[in-house]
Structures are given as structure tokens and as C-alpha cells.
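# Structure at a glance
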Amino acid sequence: RTGAPASEDLLEIGPRFPAERGFRIDDAAAEVLRQLIDVSRMSPGFTNTHAVRALLERAYGAHALRVEQLGDPLQLDDQVLRVLHAEDLAAQVG
């Protein structure tokens, strides 16, 4: 297939990036990621997988800030520490 990947292709690729870091994306975050990809595809300069990776990089930062507010990371469940939630991705929309 030639040309830019479809949103569905990017959504399939997207979760691989967090998995490389030991993270996963929950279902609600996957939906926000889909929406962000759809909006980003309309922007000039959209660079496909690079843009998806950049979205996720910003989500890691939002995730870190969210988790920091929860207290001692040694006391937190792995689900809290290693799962990106919708709010982590949505934080960059504002």
C-alpha cells in the first residue's frame, strides 16, 4: 500500500510504542488516541507515525504528573504505574 497510513493503521501501530516502554493503553485512551489521530491528520505537517509517537510522548508526561499526585509509587498498583488512561492523552488537547 502506498501513501499515508490510514487512521486504523496508526491505531494498530500506536499501542506498540508504549509497549516498548512497558506501558499499555486502556480502551478509553485508545478512543482518545483515535480522535487525536483523526484531528492531527488534518493538520499541515502531519508526519504519520512520528506524530503518533509525539502524542504518546506527551501522554507519558501527563501520566507522570497524574501518578505523582497519587502518592508513593512503591505503594501503587502496576495498573496505575504502567497504563496510559484517556486523561493522559486528553490533557494535551486543552
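Conventions and cut-offs
- Residues numbered from 1 in each chain as written.
- Predicted model: local features only at pLDDT ≥ 70, side-chain atom pairs only at ≥ 80, totals over all residues.
- Heavy atoms only, no water.
- pLDDT = per-residue confidence, 0-100.
- Helix = DSSP H or I, 4+ residues; strand = E, 2+ residues; numbered from the N terminus.
- Salt bridge = Lys/Arg side-chain N within 4 Å of Asp/Glu carboxyl O.
- Polar contact = N/O pair within 3.5 Å; in protein donor to acceptor, adjacent residues only side chain to side chain.
- Contact = heavy atoms within 4.5 Å.
- Phe/Tyr/Trp six-rings, centres within 6.5 Å; stacked < 30°, edge-to-face > 60°.
- Buried < 20%, exposed > 50% of the residue type's maximum accessible area, 1.4 Å probe, protein only.
- Lys NZ or Arg CZ within 6 Å of the ring centre and 35° of its normal.

A separate point is the confidence of the model for the protein chain. Counting all residues, the mean pLDDT for the protein chain is 82, and 85% of those residues have values of 70 or more. Per-element mean pLDDT across the protein chain ranges from 73 in helix α1 (residues 7–13) up to 94 in strand β2 (residues 83–84).

Under the counting rule described, the total for this entry stands at six salt bridges. Between Glu87 and Arg66 there is a salt bridge, with the nearest N and O atoms lying 3.8 Å from each other. Note that Glu87 is positioned in helix α6 (residues 86–90) and Arg66 in helix α4 (residues 49–68), a separation of 21 residues in sequence. A network of salt bridges, in which partner residues are shared, links Glu31, Arg34 and Asp38.

For Asp88, the location among the structural elements is in helix α6. Within the structure, Asp88 has its side chain in polar contact with the backbone nitrogen of His85 (distance 2.8 Å). Those residues in contact with Asp88 that sit more than four places away from it in its chain are Ala59, Ala62, His63, Arg66 and Val83.

Right, let's talk about the packing of aromatic side chains for a bit. Summed over the entire model, instances satisfying the criterion amount to one aromatic pair. Taken together, a centroid distance of 5.4 Å and an interplanar angle of 40 degrees make the contact between Phe23 and Tyr60 tilted. Remark: Tyr60 occurs in helix α4 and Phe23 occurs in the loop between α2 (16–20) and β1 (24–25); sequence separation between them is 37 residues. Exposure class is identical for Phe23 and Tyr60. Each is buried. When the ring centre of Phe23 is taken as reference, the NZ or CZ atom of Arg82 above it lies at 5.0 Å.

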